[in-house]
Amino acid sequence: LGMPWRAEHMFTQIRHTARLPMNAHERVNRRTQMRLAFLAAASHTELYRYLNAYSPDLAEQFVNLVCDGIPSVETEYGKEAHRSATGAEGMWQIQPQTLRDAHRLNPTAWQTIFGSRNANVHNVTDASKVAALVFNNIFTYYRSKWNANHAVFRHPEALLIPALIGAYNHGQGTVDRMLEQRL
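Residues numbered from 1 in each chain as written. Predicted model: local features only at pLDDT ≥ 70, side-chain atom pairs only at ≥ 80, totals over all residues. Heavy atoms only, no water.

When you go through the chain residue by residue, the secondary structure sums to ten helices and zero strands. Reading the helices (α) and strands (β) of the chain from amino to carboxyl end gives α-α-α-α-α-α-α-α-α-α. Across the 183 residues in the chain, those meeting the buried criterion constitute 49%. Across the chain, every contact between residues at least 6 apart in sequence was considered, and the portion connecting residues at least 24 apart equals 69%. Put simply, the chain shows about 9,000 Å² of open surface, and 49% of that area lies on carbon and sulfur atoms. (Helix = DSSP H or I, 4+ residues; strand = E, 2+ residues; numbered from the N terminus. Buried < 20%, exposed > 50% of the residue type's maximum accessible area, 1.4 Å probe, protein only. Contact = heavy atoms within 4.5 Å. Areas by Shrake-Rupley, 256 points an atom, 1.4 Å probe, with all protein chains shown as cover.)

Here we take up the pattern of salt bridges. In total, this model carries seven salt bridges according to the counting rule given. Ionic pairing is found between Asp 176 and Lys 145, a salt bridge with its closest N-O pair at 3.9 Å. One end of the pair, Asp 176, is in helix 10 (residues 172–182); the other, Lys 145, is in helix 7 (residues 124–145), with 31 residues separating them in the sequence. Residue Asp 176 is classed as buried on the basis of its relative accessible area of 8%. When salt bridges with common partners are traced through the structure, they connect Arg 31, Arg 35 and Asp 68 into a single cluster. (Salt bridge = Lys/Arg side-chain N within 4 Å of Asp/Glu carboxyl O.)

For the structure shown, the criterion picks out nine aromatic pairs. For the pair Tyr 50 and Phe 139, a centre-to-centre distance of 5.2 Å together with 40° between the ring planes defines the contact as tilted. With Tyr 50 in helix 3 (residues 46–54) and Phe 139 in helix 7, this pair connects stretches of sequence that are 89 residues apart. No difference in accessibility class separates Tyr 50 from Phe 139, as the two residues are buried. Where Trp 110 meets Phe 114, the ring centres are 4.4 Å apart and the plane angle is 45°; that geometry is what we call tilted. (Phe/Tyr/Trp six-rings, centres within 6.5 Å; stacked < 30°, edge-to-face > 60°.)

This paragraph deals with the environment of Ala 127. With respect to the helices and strands, the residue Ala 127 is situated in helix 7. On the accessibility criterion, Ala 127 (0% relative accessible area) is buried. Sequence separation between Ala 127 and Ala 37 is 90 residues, and the spatial gap between their C-alpha atoms is 8.6 Å. Not counting chain neighbours up to four residues away, the residues in contact with Ala 127 comprise Trp 92, Ile 94, Asn 120 and Val 121.

Here we take up the side chain of Arg 35. Tracing the sequence through the fold places Arg 35 in helix 2 (residues 24–42). A polar contact is formed between the side chain of Arg 35 and the side chain of Asn 64, at a distance of 2.6 Å. Not counting the four nearest positions on each side in its chain, Arg 35 is found in contact with Val 63, Asn 64, Cys 67 and Asp 68. (Polar contact = N/O pair within 3.5 Å; in protein donor to acceptor, adjacent residues only side chain to side chain.)

So this is what it looks like as structure tokens:
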């Protein structure tokens, strides 16, 4: 079973935001900070535990694909990325409502990760941790929508990961419609 699109193709559909000049050393440092923060937060999520139980290599591939793809394409790892036309901000281009949902839908993980403070989407570490929670929200949505025998969960490497990335970028409704048409 194959997806009608590939994760790489999803990245080409993303609307680019203004790019800020950054030297190679700053980009590598920011990328390292972002990856460590994403992984630290992801380890508290059901999504990461699910992928790791399926295959530790798959969990690592997911983190690499997401961390190398989304912030790079969205903002070229620029933490001070301008607000998009739709209101998304920061390196991960997080919508204000998405930020509120990450807190509301993951209260225990939020408390563990952020304590009682708010997250700042312009801070590399905070934004990366919020992104991990957003991916967990999308995963939780799909887990509640479909049972474990659904094709998305039988083939996580081919279907679940591209669906998660697509939903992060284009919205769950868009991915739902695409999956329902093709599965």
